[in-house]
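Survey of secondary and tertiary structure
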Amino acid sequence: AQSVSQHNHHVILSEAASLELGCNYSYGGTVNLFWYVQYPGQHLQLLLKYFSGDPLVKGIKGFEAEFIKSKFSFNLRKPSVQWSDTAEYFCAVNTADTGRRALTFGSGTRLQVQP
Amino acid sequence: EAGVAQSPRYKIIEKRQSVAFWCNPISGHATLYWYQQILGQGPKLLIQFQNNGVVDDSQLPKDRFSAERLKGVDSTLKIQPAKLEDSAVYLCASKLGSSGANVLTFGAGSRLTVL
């Protein structure tokens, strides 16, 4: 069964600092990869996704993520965070080659950006 | 387009009582999911529907949880009897088709507290 690991549980940064959140998954086949964000009091929303092609994908609000197949990783990055980026970030994966395509989520990383 | 609607938003019950949550997905979305999100964890799949059929309920605690989507549109998740460990946010999500490349849209969730 697939699983997702997010090693940073709580990250505190100052505004303008650079961000990298780690995500590793365990599945040997073809995967689709996602980052979702949950701002305080709001729904889970899609930040970005990778299905195929260029392993560097860009999402909303200046976020990007890089798929490194050899490392089973899909780390999220942002060069300069803002206070409004304070939220919980979830990495998720589903398999592209089986009938069960429900998302498996990591445990999440709580990002706190201090002004 | 209207989002995924869920009700109630909040529910407090005592252990051994029953509770039901309702979800109305985005119009035309064939696939519907119920996820359980315990505080400090990522969402965990409970059940996946494709139209009115169950695709995956392998992680649904069937001795106490049940779910239906009789007409392939809205869905109900029931817990009877509730246990303390069922305290969580119950998230409903939907997507247009069955492909793993389709993106999920989440509702706001129903927060259950079991005393």
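Residues numbered from 1 in each chain as written. Chains lettered and ligands numbered in written order. Predicted model: local features only at pLDDT ≥ 70, side-chain atom pairs only at ≥ 80, totals over all residues. Heavy atoms only, no water.

1. Observations regarding the overall build of chain B
Rules: Helix and strand definitions here come from DSSP, where helices need a minimum of 4 consecutive H or I residues and strands a minimum of 2 consecutive E residues; each element is numbered from the N-terminal end. The atom set for the radius of gyration is the C-alpha atoms, and the globule formula is 2.2 Å times the number of residues raised to the power 0.38. Only heavy atoms matter for contacts: two residues are in contact if any of them lie within 4.5 Å across the pair. Here the accessible surface of atoms and residues is derived via Shrake-Rupley with a 1.4 Å probe, and residues count as covered only by protein chains that are part of the display.
In terms of helices and strands, chain B carries 0 helices and 11 strands. Start at the N end of chain B and walk to the C end: the helices and strands fall as β-β-β-β-β-β-β-β-β-β-β. For 115 residues, the compact-globule estimate of 2.2 N^0.38 gives 13 Å, and the C-alpha radius of gyration of chain B, at 13 Å, lies within 12% of that figure. By its C-alpha atoms, chain B is 40 × 25 × 25 Å across when sized along the principal axes. Within chain B, residue pairs in contact and separated by at least 24 positions form 53% of the contacts whose partners lie at least 6 positions apart. If you sum the accessible surface of chain B, you get close to 5500 Å²; carbon and sulfur atoms cover 50% of it.

2. Section: the state of the cysteines
We count it as follows: We call a pair of cysteine sulfur atoms a disulfide whenever their separation is within 2.5 Å. Relative accessibility thresholds used throughout: buried, under 20% of the residue-type maximum; exposed, over 50%; partly exposed, between the two (1.4 Å probe, protein chains only).
Using the criterion set out here, one finds 2 disulfides over all chains in the structure. The residue that forms a disulfide with A:Cys23 is A:Cys91, at a sulfur-sulfur distance of 1.9 Å. Judged by the sign of its S-S torsion, about -65°, the bond between A:Cys23 and A:Cys91 is left-handed. Placement of the pair is A:Cys23 in the loop between β3 (19–21) and β4 (24–26) and A:Cys91 in strand β10 (residues 87–95), with a sequence separation of 68 residues. Assigned by exposure class, A:Cys23 and A:Cys91 land together as buried. With a sulfur-sulfur separation of 1.9 Å, B:Cys23 is cross-linked through a disulfide to B:Cys92.

3. Here we look at the interface of chain B and chain A
What counts here: Once two parts are joined, some of their accessible surface, as seen by a 1.4 Å probe, is lost; buried area is that loss totalled over both. Basic side-chain nitrogens of Lys or Arg form a salt bridge, by our definition, when they fall within 4 Å of a carboxyl oxygen of Asp or Glu. Polar contacts, as used here, are pairs of N or O atoms within 3.5 Å; protein pairs need one atom able to donate a hydrogen and one able to accept it. Residues neighboring in sequence count only if both atoms are side-chain atoms. The classification used treats Ala, Val, Leu, Ile, Met, Phe, Trp, Tyr, Cys and Pro as nonpolar, Asp, Glu, Lys and Arg as charged, and all other residues, Gly among them, as polar.
With 23 residues of chain B in contact, the opposing surface of chain A contributes 18 residues. Between chain B and chain A, a total of about 1600 Å² is buried, with carbon and sulfur atoms accounting for 58% of that surface. On inspection of chain B and its partner chain A, the count reaches 0 salt bridges. At the boundary of chain B with chain A, the tally comes to 3 residue pairs in polar contact (both at pLDDT 80 or more). If you list the elements that add at least two residues to the side of chain B that touches chain A, you get β4 (31–37), β5 (44–50), β6 (53–56) and β9 (88–95) of chain B. A total of 3 residues in the side of chain B that touches chain A trace back to one element, the largest contributor, which is β4(B). For the side of chain B that touches chain A, the per-class residue count stands at 11 nonpolar, 10 polar and 2 charged.

4. Observations concerning the pattern of salt bridges
Scanning the model with the defined rule gives 7 salt bridges over all chains in all. Here A:Arg77 makes a salt bridge to A:Glu66, at a shortest N to O gap of 3.2 Å. Here A:Arg77, found in strand β9 (residues 73–78), pairs with A:Glu66, found in strand β8 (residues 64–68); they are 11 residues apart in sequence, far enough to count as distant. Since its relative accessible area comes to 22%, A:Arg77 is described here as partly exposed. Among the ionic pairs, B:Lys62 bridges to B:Asp57, the shortest N-O distance being 3.8 Å. Salt bridges linked by common partners bring A:Lys58, A:Glu64, A:Glu66 and A:Arg77 together as one network.

5. Structural notes on the side chain of B:Asp86
Residue and element names in this part refer to chain B. Tracing the backbone through its elements, the reader meets Asp 86 in the loop between β8 (75–79) and β9. A relative accessible area of 3% means that Asp 86 is categorised as buried. At 2.8 Å, the side chain of Asp 86 and the backbone nitrogen of Lys 83 are in polar contact. Residues in contact with Asp 86, not counting those within four places in the same chain, are Gln 36, Arg 64, Phe 65, Ile 79, Pro 81, Leu 112 and Val 114.

6. So, the sheet that holds β8(B)
Residue and element names in this part refer to chain B. As a reminder, the rule being used: Only when DSSP finds a minimum of two bridges between them are two strands counted as paired. Comment: axis = line fitted to C-alpha atoms, over the contacting stretch for helices; angle = value between 0 and 180 degrees taken between N-to-C directions.
As summarised here, the arrangement of the 4 strands in space is β1-β3-β8-β7, forming an open sheet in which the pairing is antiparallel. The open sheet has two edge strands with one neighbour each: β1 (5–7) and β7 (65–68). Neighbouring strand axes in the sheet, compared pairwise and without regard to direction, differ in orientation by 15° on average.

Keep in mind these numbers describe shape, not what the thing actually does.
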